[in-house]
Amino acid sequence: MGYRLLVLDIDGTIVSTVDEVSPAVREAISRAAEGGLEIVLATGRRYSRALPFAEALRLGTPLITSSGALTKTPDKHQTILRAQFSEEVLRKVLVVLRDLGFPAAVLGDTFTEGFDYYIERSDGYRNMFFEDYLKKNAGSEKIWDDFLADLPPDIFATFTVGTEEEMKWVERELHAALPGCLTTNVLRTLRYQGFFCEIMPSGTSKWSAVCHVAAQWGIAKEEICAVGDDVNDISMICEAGLGVAMGNAPEEVKEVAHWVAPSQEEDGLVAVIERLLENLV
């Protein structure tokens, strides 16, 4: 099978905790583009934190961020696709989080306004993991007095942070309160101390965003190769013509992959691209 679209996760696939693309991976991505592959980044990162990689790799293709909840063009920052909560569902999500004792950050399509997410006014969140996140992203927030009194506009995702056990509990409680209304992911990036519970409208995923972009280009799912390493990559790894898990991925991701590449630390993406280029010859 010849592949036309290569979809790449960022953390654990392109980069490790140091946020640097190795020379070998950078050169392989360049060769893939020169070989005729369209390359799209699909990440759990916020748009502002993913944008530097699109720029460094000279990718002008749509940038899929927040686990598929927001897709924008990296040149003019135009929104191509944005998930949208109903007011009723978002309000219920925030009620559940508040009742469980977890603070929320709610993500708005606000990059051009100079911030990424809203947090409620507080004299202290009493959550060391949330505080760690805020400290490492200082300046990315806008203070909102009370989410339940007045919802912020254009919210496409929200999240909270805690231990892995806590976040799986939060996930279960959310689905019990709002059956069929949500997509959630519990995952961790090594940049932060805690685990995240990502919360998005039902049907939102990296794969749904990939399909939207591919349809605009007339690319069939059989012509897509998707590479990732975490639970928010499972949908695209399962559904793509070639779904690749990195060697550093957890077992539940490897189990659904068509192929397991070497780890990110071993520049495993280079092996993926070499395999794809062989099929293009």
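Just above sits the structure.
Every chain is numbered on its own, with residues counted from 1 as its sequence reads. Thresholds applied to this predicted model are a pLDDT of at least 70 for local features of residues and 80 or more for the giving and counting of side-chain atom pairs; totals over whole chains, interfaces and linings are not thresholded and use all residues. Excluding hydrogens and water, the side-chain values take into account all heavy atoms of the structure.

Student: Explanation requested: the overall build of the protein in the structure shown.
Tutor: Strands here mean DSSP runs of E at least two residues long; helices mean DSSP runs of H or I at least four residues long; both are numbered from the N terminus. Looking only at helices and strands, the protein features nine helices and 14 strands. Computation of the radius of gyration draws on C-alpha atoms alone. For the globule rule, the value is 2.2 Å times the number of residues to the power 0.38. Here the C-alpha atoms of the protein give a radius of gyration of 18 Å, agreeing with the 19 Å that 2.2 N^0.38 yields for 281 residues. Each principal axis of the C-alpha distribution contributes one length, and for the protein these read about 60 × 35 × 35 Å. Exposed residues in this analysis have more than 50% of their type's maximum accessible area, buried residues have under 20%, and partly exposed residues fall in between, with area computed by a 1.4 Å probe over protein chains only. Buried positions account for 54% of the 281 residues belonging to the protein. Partitioning the intrachain contacts of the protein with sequence separation of at least 6 by distance along the chain shows that 60% fall at a separation of at least 24. Of the roughly 12200 Å² that the protein leaves accessible, carbon and sulfur atoms contribute 48%. Here the positive residues are Lys and Arg and the negative ones are Asp and Glu; neither His nor the chain ends is included. Charge coordinates come from a single atom per side chain, which is NZ of Lys, CZ of Arg, CG of Asp or CD of Glu. One way to put it: in the protein the 26 positive side-chain charges average out to a point 3 Å from where the 44 negative ones average out. By the convention used here, residues are in contact when the closest approach between their heavy atoms is within 4.5 Å. Methods summary: accessible areas were calculated by the Shrake-Rupley approach with a probe of 1.4 Å, and residue burial reflects only the protein chains presented.

Student: What is the right way to read the sheet that holds strand 11 (residues 195-201) from this model?
Tutor: Strands belonging to one sheet form pairs held by backbone hydrogen bonds; the direction of such a pair is parallel or antiparallel. Each pair of strands is called paired provided DSSP finds at least two bridges between the two strands. If you trace the six strands from one edge of the open sheet to the other, you get 8-7-6-9-11-10, paired in mixed fashion. If you trace the sheet from one side to the other, it starts and ends with strand 8 (141-144) and strand 10 (182-187), each paired once. Pairs of neighbouring strands in the sheet enclose a mean axial angle of 25 degrees, with direction left out of account. In the sheet, strand 10 pairs with strand 11 via six bridges, with the strands oriented antiparallel. Its bridge partner being in strand 11, Leu-182 is matched across the sheet by Pro-201. Running over the sheet, helix 3 (residues 87-100) touches strand 6 (105-108), strand 7 (117-120), strand 9 (155-162), strand 10 and strand 11 and is turned about 10 degrees from strand 9. Only the stretch in contact is used when fitting a helix axis, every axis being a line fitted to C-alpha atoms; angles between N-to-C directions are given from 0 to 180 degrees.

Student: How should the sheet that holds strand 5 (residues 79-82) be read in this particular structure?
Tutor: Reading across the sheet, the three strands line up as 3-4-5 and stay open at both edges, with antiparallel pairing between neighbours. The open sheet has two edge strands, strand 3 (63-65) and strand 5, and neither has a second partner. Ignoring which end each strand starts from, the neighbouring axes of this sheet average 15 degrees apart. As judged from the three bridges shared by strand 3 and strand 4 (residues 70-72), these two strands associate in the antiparallel manner.

Student: Looking at this model, I keep getting lost on the side chain of Glu-120. Mind explaining?
Tutor: Mapped onto the elements of the fold, Glu-120 is located in strand 7. Here a polar contact is recorded for every N or O atom pair within 3.5 Å, except that within protein the pair must consist of a potential hydrogen donor and a potential acceptor, and residues adjacent in sequence are included only if both atoms are side-chain atoms. Side-chain polar atoms of Glu-120 contact the side chain of Arg-98, separated by 2.5 Å.

Student: Is there a simple way to explain the environment of Val-210 in this structure?
Tutor: The topology assignment puts Val-210 in helix 6 (residues 206-217). What makes Val-210 buried here is its relative accessible area of 1%. Measuring from C-alpha to C-alpha, the distance between Val-210 and Ser-16 comes to 23 Å, with 194 residues separating the pair along the chain. The residues contacting Val-210, other than those within four sequence positions of it, are Leu-5, Val-7, Ile-64 and Ile-224.

Student: Would you mind showing me how to read the packing of aromatic side chains here?
Tutor: Geometrically, a pair of aromatic rings is defined through the distance of the ring centres and the angle of the planes. Any pair of Phe, Tyr and Trp rings, taking the six-membered ring for Trp, is counted once the centres come within 6.5 Å. Such a pair is stacked with planes under 30 degrees apart, edge-to-face with planes over 60 apart, and tilted for the rest. Under the defined criterion, the tally for this structure stands at 11 aromatic pairs. Each ring, one from Tyr-47 and one from Phe-111, has its centre 5.0 Å from the other, and the planes form 85 degrees; the classification is edge-to-face. Residue Tyr-47 is found in helix 2 (residues 47-56), and its partner Phe-111 is found in the loop between strand 6 and strand 7; the two are separated by 64 residues along the sequence. Residue Tyr-47 is classed as buried on the basis of its relative accessible area of 4%. Here a set of aromatic residues connected by ring pairs shows up, and it is made of Tyr-117, Tyr-133, Phe-159, Tyr-192 and Phe-196. Lysine and arginine charges are scored as sitting over a ring when NZ or CZ, respectively, is within 6 Å of the ring centre and within 35 degrees of the ring normal. Residue placement shows Lys-72 over the ring face of Tyr-47; its charged tip is 5.7 Å from the ring centre.

Student: Mind showing me how you'd approach the packing of helix 3 against helix 5 (residues 164-177) here?
Tutor: The description of two packed helices rests on the angle between their axes and on the distance between the axes. Where helix 3 meets helix 5, the axes come as close as 10 Å, and the angle between the chain directions of the two elements is 135 degrees. If you check the angle between helix 3 and helix 5, you find them oblique. Read as a crossing pair, helix 3 and helix 5 show a hand that is right-handed. Every residue of helix 5 that contacts helix 3 at Lys-92, Val-93, Val-96, Leu-97 and Leu-100 is listed here: Trp-169, Val-170, Glu-173, Leu-174 and Ala-177. Per-class residue counts for the contact of helix 3 with helix 5 are eight nonpolar, no polar and two charged. In these notes the angle categories are as follows: under 35 degrees is roughly parallel, over 145 is roughly antiparallel, 65 to 115 is roughly perpendicular, and the rest is oblique. Rotating anticlockwise by less than a right angle from the far helix to the near helix defines a left-handed crossing, while the corresponding clockwise rotation defines a right-handed one. Residues were grouped as follows: Ala, Val, Leu, Ile, Met, Phe, Trp, Tyr, Cys and Pro as nonpolar; Asp, Glu, Lys and Arg as charged; and all remaining residues, including Gly, as polar.

Student: Even after reading the chapter, I still don't get helix 3, so can you show me in this structure?
Tutor: Given 3.6 residues per helical turn, the α-helix brings residues three or four places apart onto the same face. Expected span of a helix, by definition, is 1.5 Å for each gap between consecutive residues, and there is one gap fewer than residues. Given a rise of 1.5 Å per residue, 14 residues ought to cover 20 Å, and the 20 Å separating the end C-alpha atoms of helix 3 matches this to within 8%. Every buried residue belonging to helix 3 is among Val-89, Leu-90, Val-93, Leu-94, Val-96, Leu-97 and Leu-100, and all of these are buried. Buried residues along helix 3 cover an arc of 155 degrees about the axis, so they all sit on one side. Opposite the buried face of helix 3, by more than 90 degrees, sit the exposed residues Glu-87, Glu-88 and Asp-99. Those residues of helix 3 hidden inside the fold are in contact with strand 6, strand 9, helix 5, strand 10 and strand 11. Positive backbone phi, at 90 degrees, marks Gly-101, one or two positions downstream of helix 3. In this description, one arc is meant: the one made by directions from the helix axis to the C-beta atoms.

Purely geometric numbers; function is a separate question.
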